[in-house]
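# Results of the structural survey
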Amino acid sequence: MIPAAFEYYRPKDMAGVLSLLEKHGDDARVMAGGHSLIPMMKLRMADVPHLIDLQDVGGMSDIEISGDSIKIGALVTQTKIIDHAGLAEAAPILSEAALQIADPQVRYMGTVGGNVANGDPGNDMPGLMQCLNAIFTVIGTDGERQIAARDFYEGAYATAREDDEVLTAVIIPMPKGGYAYEKQKRKIGDYATAAAAVQIVSGGGACVSASIAMTNLSDVPVFSADAGAALVGTSVDEAALKAAVTAMLGDIDPTEDNRGPVAFKNHVAGIILRRAIARAWSRA
Amino acid sequence: MSKKMHVKLKVNGKEEEFLAEPRELLIYTLRERLNITGPHIGCETSHCGACTVTIDGKSVKSCTMFAVQAEGSEITTIEGIGNPDDLHPLQTAFKEHHGLQCGYCTPGMITRATKLLEETPNPTEEEIRFGMAGNLCRCTGYQNIVKSIQAAAAEMNAAKEAAE
Ligand SMILES: Cc1cc2nc3c(=O)[nH]c(=O)nc-3n(C[C@H](O)[C@H](O)[C@H](O)COP(=O)(O)OP(=O)(O)OC[C@H]3O[C@@H](n4cnc5c(N)ncnc54)[C@H](O)[C@@H]3O)c2cc1C
């Protein structure tokens, strides 16, 4: 499994990356950990005449936790998220999700930026970032702009990022309340049959707010505002769970593939969401 | 063909320098260019872990990295971990506890396990199974691999205590 030939660049700064992207246009692609891109190149499903390795570009490898938000550089790996003590305190849903991605070797290499920029419906972090209402910072030759995770995904491998822009960071408003990332997969290292990211805030025995996003159940991650709304004001009892699942099923659009037929996926999605809500609520 | 690039890296403590096409995957560099055939090619699709090596302190599947990416890095393969005259405690433990049958996955298993024990010197069974999840074995059913890693951990911890 040998990829087609390509030119390789390892610029030392973002200006170098952007000028290569400008010069080669569609023929160039950036690479972070390479653990989505290289498998696709080996299968010759991705054709990348000009490969720009980001590993030497500084300023994208830090995790910064301030009073009301968390900033994660695009090159932060999944392993670093799992090992980061401050993050475990501030946003434990991140490591709970990262621990369910792939296997140890892949997590040493796979980055947050690559995972959210890739646009593969199977990636776990896009749904997670929609649940957390994260903002992505991208930079191009015309400067920087910010795109909400909930507006970023347009279709499989199609995102609001322009081809000549680089995603530099993910900014997450400080999460509140109970959390859960629940994922059904066929085996370790598999993408989700269905996954749910849930954050719930409780007050006086009732749900005050809830945020719910689903993974690999459509060609984009699905933020289900209606599923979250179905929990608000309830004590997250059986009726509320049922209403949330019904609302979520109205928002997803699974297709049949090697993970099963549509009816099965809807069934799994419902069970996974129930489990995620129950666990998040127990921690709220 | 694209132009060849100059690559310099260190494998098992030895400097290596060569010209390679950017598309050359590290596993081929190791096996075919440098004759370091401990890391194996199993699935070649980033799943099985037979090609696992340690690169700058990370366990990496060398079928999923280009040699040019590893430029400037330090790599350890099973050959750098022990040899027949001086086995690493993990190698001894795999031998004594039947941590292998056909042996194809073993170089990757042991290379990954060295890193696991560095990060978690006293792992529970669950931590071993989770930490070794990127390495597949089709013979043993994993039970004896877990036992081998536990035995090596005990041995290495005892040796460390004795040294202190
Ligand atoms: C065996 C295996 C199992 C896996 N299982 C899972 C899983 O269960 N869940 C999951 O979520 N993922 C899984 N992955 C994917 C893994 O998490 C990837 O590492 C991750 O999706 C991409 O991160 P990367 O840094 O490797 O990106 P790369 O492969 O380097 O890049 C992926 C894409 O994003 C683009 N890109 C990367 N960085 C940037 C940036 N900063 N700005 C703009 N574009 C960028 C690249 O051009 C490319 O198109 C698995 C991978 C393997 C090999």
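For the structure given in this document, a descriptive report is provided here.

## Thoughts on the overall build of chain B
On a plain count of helices and strands, chain B comes out with 5 helices and 5 strands. When the helices and strands of chain B are listed from N to C terminus, the series reads β-β-α-β-β-β-α-α-α-α. Its C-alpha atoms put chain B at 50 × 35 × 25 Å along the principal axes. With 164 residues in all, chain B has 51% of them scored as buried. Here the analysis covers contacts within chain B between residues at least 6 apart in sequence; of these, 54% occur between residues at least 24 apart. Between the centroid of the 17 positive side chains of chain B and the centroid of its 22 negative side chains there is a distance of 6 Å.

## So, the sheet that holds strand β2 (residues 28–31) of chain A
All names here are of chain A. Here 3 strands make up an open sheet; going across it, the order is β1-β3-β2 and the pairing parallel. Strand pairing shows two members of the sheet lacking a second neighbour, β1 (7–9) and β2, which therefore form its edges. Going from strand to strand, the sheet's axes swing by 25° on average, the running direction of each strand aside. The sheet contact formed by β1 and strand β3 (residues 50–53) spans 3 bridges and is parallel. Bridge assignment links Y9 to a residue of β3, and that residue is I52. Strand contacts of helix α1 (residues 14–24): β1, β2 and β3, with the helix running at about 150° to β2, the strand carrying the most contacts.

## Quick look at the interface of chain A and chain B
Listed as interface residues are 31 residues of chain A and, on the opposing side, 35 residues of chain B. Counting each side, the surface lost to burial between chain A and chain B is near 2600 Å², with a carbon and sulfur contribution of 60%. Viewed at the interface, chain B and chain A are joined by 2 salt bridges. A salt bridge links K3 of chain B to E7 of chain A; the nearest nitrogen and oxygen atoms lie 3.6 Å apart. Counting across the interface, chain A meets chain B through 13 residue pairs in polar contact (both at pLDDT 80 or more). Only β1, α2 (37–42), β3 and α6 (104–109) of chain A provide two or more residues apiece to the side of chain A that touches chain B. Element by element, the count of residues in the side of chain A that touches chain B is highest for α6 of chain A, at 6 residues. Here the side of chain A that touches chain B is built from residues that sort into 18 nonpolar, 5 polar and 8 charged.

## Some details on the site of the ligand
With respect to spatial proximity, 32 residues lie near the ligand, and among them R29, V30, A32, T111 and D124 of chain A are the closest. Around the ligand the close residues trace back to chains A and B. Between the ligand and R29 of chain A, the relevant distance is 2.7 Å, taken from an oxygen atom to a side-chain nitrogen or oxygen of the residue. Separating an oxygen atom of the ligand from a side-chain N or O atom of K183 of chain A is a distance of 2.8 Å. Expressed as a share of its isolated accessible area of 950 Å², the protein-covered part of the ligand is 98%. Counting only elements with at least two residues in the shell around the ligand, the list comes to β2, α7 (112–118) and β10 (166–173) of chain A.

Conventions and cut-offs
- Residues numbered from 1 in each chain as written.
- Chains lettered and ligands numbered in written order.
- Predicted model: local features only at pLDDT ≥ 70, side-chain atom pairs only at ≥ 80, totals over all residues.
- Heavy atoms only, no water.
- Helix = DSSP H or I, 4+ residues; strand = E, 2+ residues; numbered from the N terminus.
- Buried < 20%, exposed > 50% of the residue type's maximum accessible area, 1.4 Å probe, protein only.
- Contact = heavy atoms within 4.5 Å.
- Lys, Arg positive; Asp, Glu negative; His and termini not counted.
- Charge placed at Lys NZ, Arg CZ, Asp CG, Glu CD.
- Pairing = 2+ DSSP bridges.
- Axes fitted to C-alpha atoms, helices over the stretch in contact; angles between N-to-C directions.
- Buried area = accessible area lost by both parts, 1.4 Å probe.
- Salt bridge = Lys/Arg side-chain N within 4 Å of Asp/Glu carboxyl O.
- Polar contact = N/O pair within 3.5 Å; in protein donor to acceptor, adjacent residues only side chain to side chain.
- Nonpolar A, V, L, I, M, F, W, Y, C, P; charged D, E, K, R; others polar.
- Near = heavy atom within 4 Å.
- Areas by Shrake-Rupley, 256 points an atom, 1.4 Å probe, with all protein chains shown as cover.

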